[in-house]
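Coordinates in review
Next come the chains, spelled out residue by residue.
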Amino acid sequence: MSLLPLLVALVGLVLIAQLLQGGWRLALGLVLLIGFLQDPLRKVLVGQPPLTVGLVLVAACACGVALLLQRGGLELPLVLATLPRLGQWLPLYGVLLALQTVHGLVRFGQPLLSLIGLGVYLAPLLGFWLGFEVASEPPLLQRLLRLYVLLSIPAGLSVWWSYRGVDHPLLKEVGSGILIHFQPGVSLYGASGVWRTSEVAAWQLAAAACLALVLATAAQRRSTVWAYGLLAVLFTALTLLTGRRKAQVLVLLFVLFDALLLQRWMRPPWRGWLLGNLVALAGLSTLAAGWLVPQLLGADLGVYLQRSLSARDELGGRFSQMALGGFSRALDLSGLFGLGVGAAAQTGNLLFDRGQQLGSRLNFVAESGAGKLVAELGLVGVAVLLVGLVLLLELGRRNLTLLQDLPPALVHLHLGLVAFALANVPFFLAASGVYGDPFVLLLLSLALGSVLAVPLLVARARGLQLPSRTDAA
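Residues numbered from 1 in each chain as written. Predicted model: local features only at pLDDT ≥ 70, side-chain atom pairs only at ≥ 80, totals over all residues. Heavy atoms only, no water.

**A word on the overall build of the protein**
The line we're drawing: Runs of E in the DSSP output that reach at least two residues are strands. Runs of H or I that reach at least four are helices, and both are numbered from the N terminus. Think of it in three bands: residues with accessible area under 20% of the maximum for their type are buried, residues over 50% are exposed, and the middle band is partly exposed, with areas taken using a 1.4 Å probe on protein chains only. Throughout, a residue-residue contact means that at least one pair of heavy atoms, one from each residue, lies within 4.5 Å. The method behind every accessible area is Shrake-Rupley, applied with a 1.4 Å probe, and residues are considered shielded solely by the protein chains displayed.
Regarding its fold elements, the protein presents 19 helices and two strands. Going through the 473 residues of the protein one by one, you find that 53% of them count as buried. Pairs at least 24 apart in sequence give 81% of the contacts found in the protein among residues at least 6 apart. Surface accessibility of the protein: about 20,800 Å² in total, with carbon and sulfur atoms responsible for 69%.

**What about the packing of helix 5 (residues 86-108) against helix 6 (residues 111-135)?**
Note the following rule: Note on geometry: axes are C-alpha line fits, over the in-contact stretch for helices, and angles between N-to-C directions span 0 to 180 degrees. Orientation is classified from the angle alone, with under 35 degrees giving roughly parallel, over 145 giving roughly antiparallel, 65 to 115 giving roughly perpendicular, and any other angle giving oblique. Take the far helix as the reference: if the near one is turned anticlockwise from it by less than a right angle, the crossing is left-handed, and if turned clockwise, right-handed. In the scheme used here, Gly and all other residues not listed as nonpolar or charged are polar, with Ala, Val, Leu, Ile, Met, Phe, Trp, Tyr, Cys and Pro taken as nonpolar and Asp, Glu, Lys and Arg as charged.
At a minimum axis distance of 9 Å, the contact between helix 5 and helix 6 shows a crossing angle of 160°. As summarised for this structure, helix 5 and helix 6 are arranged roughly antiparallel, according to the angle between their axes. Crossing angle aside, the handedness with which helix 5 passes helix 6 is right-handed. Residue-level contacts link Leu90, Tyr93, Leu97, Thr101, Gly104, Leu105 and Phe108 of helix 5 to Pro111, Leu113, Ser114, Leu118, Tyr121, Leu122 and Leu125 of helix 6. Residues belonging to the contact of helix 5 with helix 6 are distributed by class as follows: 11 nonpolar, three polar and no charged.

**Details of the packing of aromatic side chains**
The following threshold applies: Note on ring pairs: Phe, Tyr and Trp rings are taken, using the six-membered ring of Trp, and paired if centres are within 6.5 Å. Classes follow the plane angle, with under 30 degrees stacked, over 60 edge-to-face and the rest tilted.
A complete count under the given rule lists seven aromatic pairs for this structure. Summarising the aromatic geometry, the rings of Phe36 and Tyr148 are spaced 5.4 Å apart at their centres and angled 50° between planes, so their arrangement reads as tilted. Here Phe36 is found in helix 2 (residues 24-44), whereas its partner Tyr148 is found in helix 7 (residues 138-163), with 112 residues between them in sequence. The exposure classification of Phe36 matches that of Tyr148, with both residues buried. Through a chain of ring-to-ring contacts, the aromatic side chains of Phe36, Tyr148, Trp195 and Phe439 assemble into a single cluster.

**As for a nonpolar patch on the surface**
Defined as follows: Patches here are clusters of residues that have more than 30% relative accessible area and form no salt bridge, with a 9 Å joining cutoff for like charges and a 5 Å cutoff for nonpolar side chains (Val, Leu, Ile, Met, Phe, Trp, Tyr). Put simply, a salt bridge is a Lys or Arg side-chain nitrogen that is within 4 Å of an Asp or Glu carboxyl oxygen.
Together, Leu331, Leu336, Phe337, Leu379 and Val380 make up a nonpolar patch on the protein surface, roughly 420 Å² of accessible area in all. Within the secondary structure, Leu331 sits in helix 13 (residues 311-334). Here Leu331 falls in the partly exposed class, since its relative accessible area comes to 30%.

**Let's talk about helix 5**
Worth spelling out the cut-off: An expected span of 1.5 Å times one less than the residue number is assigned to each helix.
For helix 5, which comprises 23 residues, the first-to-last C-alpha distance of 33 Å matches the rise-based estimate of 33 Å (1.5 Å per residue) to within 8%. The set of residues buried in helix 5 consists of Leu86, Trp89, Tyr93, Leu96, Leu97, Gln100, Thr101, Gly104 and Phe108.

**Brief notes about helix 16 (residues 408-423)**
The end-to-end C-alpha distance of helix 16 is 22 Å, a good match for the 22 Å that 16 residues give at a rise of 1.5 Å each. When you tally the buried positions in helix 16, you get 15 out of 16 residues, the bulk of the element.

**Description of the side chain of Gln204**
Inclusion rule: Pairing of N or O atoms within 3.5 Å defines a polar contact, subject to two protein rules: one partner must be a possible hydrogen donor and the other a possible acceptor, and residues neighboring in sequence count only if both atoms are side-chain atoms.
Here Gln204 shows up in helix 8 (residues 198-218). Within the structure, Gln204 has its side chain in polar contact with the side chain of Tyr148 (distance 2.5 Å). In contact with Gln204, not counting residues within four places along its chain, are Tyr148, Trp195, Phe439, Val440 and Leu443.

**Overview of the nonpolar core**
Heads up, the condition is: Note on terminology: a nonpolar core comprises buried Ala, Val, Leu, Ile, Met, Phe, Trp, Tyr and Cys residues joined through side-chain atoms within 4.5 Å.
Counting 115 residues, the largest nonpolar core has Tyr148, Trp203 and Phe420 as the members making the most contacts within it. Tallying contributions element by element places helix 8 first for this core, with 17 residues. Residue contacts for Trp203: discarding those within four places in its chain leaves Tyr148, Leu250, Phe420, Asn424, Val434, Tyr435, Val440, Leu443 and Leu444.

**Let's talk about the packing of helix 7 against helix 16**
Geometry of a packed helix pair, given as the angle between the helix axes and the separation of the axes. Two elements in contact, helix 7 and helix 16, have axes separated by 12 Å at closest approach and are oriented at 50°. Considering the angle they form, helix 7 stands oblique to helix 16. As helix 7 runs across helix 16, the sense of the crossing is left-handed. Between helix 7 and helix 16, the residues in contact are Pro138, Leu141, Gln142 and Leu145 and Leu410, Leu413 and Leu417, respectively. Partitioning the contact of helix 7 with helix 16 into residue classes produces six nonpolar, one polar and no charged.

Set out below in structure tokens:
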């Protein structure tokens, strides 16, 4: 049992060594590995400390610092090439975070709580920038996506072992676990595998399914397309074992957004090729799922499938209750100026005194992403965020119009990553718990940040003169 902390310590030493040598590309792969190892590490440590989820953020920050020193700056003119005025919003966002961090610190008097809360708002910025840097080298982006999918295979199989009742500390949820009410008279614990909870396991498996499909649409060979397609089916089937219906809905939303984006931005000759691949994948997936799901679930097939299918009837009510209800209650609590960064942070068994009455009311608000933002930043802060969001959407739109100058495989890759990020928006608004995880935030922002590199890639394709970029392998 002591070997796992030793392994993570070794990974950390290798990461530091690579950073010192300027090998940020390899270091990013190690950041992904740490993201997968931090939950098993938490399970074996005394007290199961929640702060272990921050290991991946610390590693990503170290990687970012090394890359920043290597590049000599943030390269904002390249990052924001099609909408430079977005750079004028960034200082305003920084001021907002600084004020609300001080606000939360004064209100609650707990620096660690403020630091945890601040990390949630800074992680996406780091992910956007790393996404630009990674996507500026398409082979590196594809290698990282393949690594994530590859690491998800053993982690996904551990969910099946957990479901099958293998008794091992690494296969149990942290704490006492979460009892899920499948139907009247039937309550079960969802399988979590090596992940800390069934909810995190469900999201990670859904993400692996989506990214496998992204790699499938970007693949050149039909055999590779089918291989990634089968992996996507496997990951989606494994989400059933977690008992979390949102995972299957997330994959379906991704497919819908991806199809819409491809239809809008792909050139006509490639639409037919893509449609053929999608039809082949759909047929293969249906056959594979028809055999795989009964094998995974066995005698419990009916209960788990009924749980999954019930999402269709309850989705609208759930969204209304959590997203809209959470927003309304947060507004009553926080008003114009909010309660400060960290007020609605979900910290597991790391308990903070936020006042008995306020703390109990914040528990519901923290489940809603919209409610969390309003509670912590207030209406004024949310207005600042909305301005940034509008600018970011306009930047994304402008960058997407340039995709026609890139090879089809890159177009598939970028549109798939954008679709993956968009598919998560409704879930963040209605059920934000998992989106407080730095690893989740980094993955999503890195995926969306990849579209920031499109103007740079297009400029290279056109043979335009570009500013020199300091670099080292």
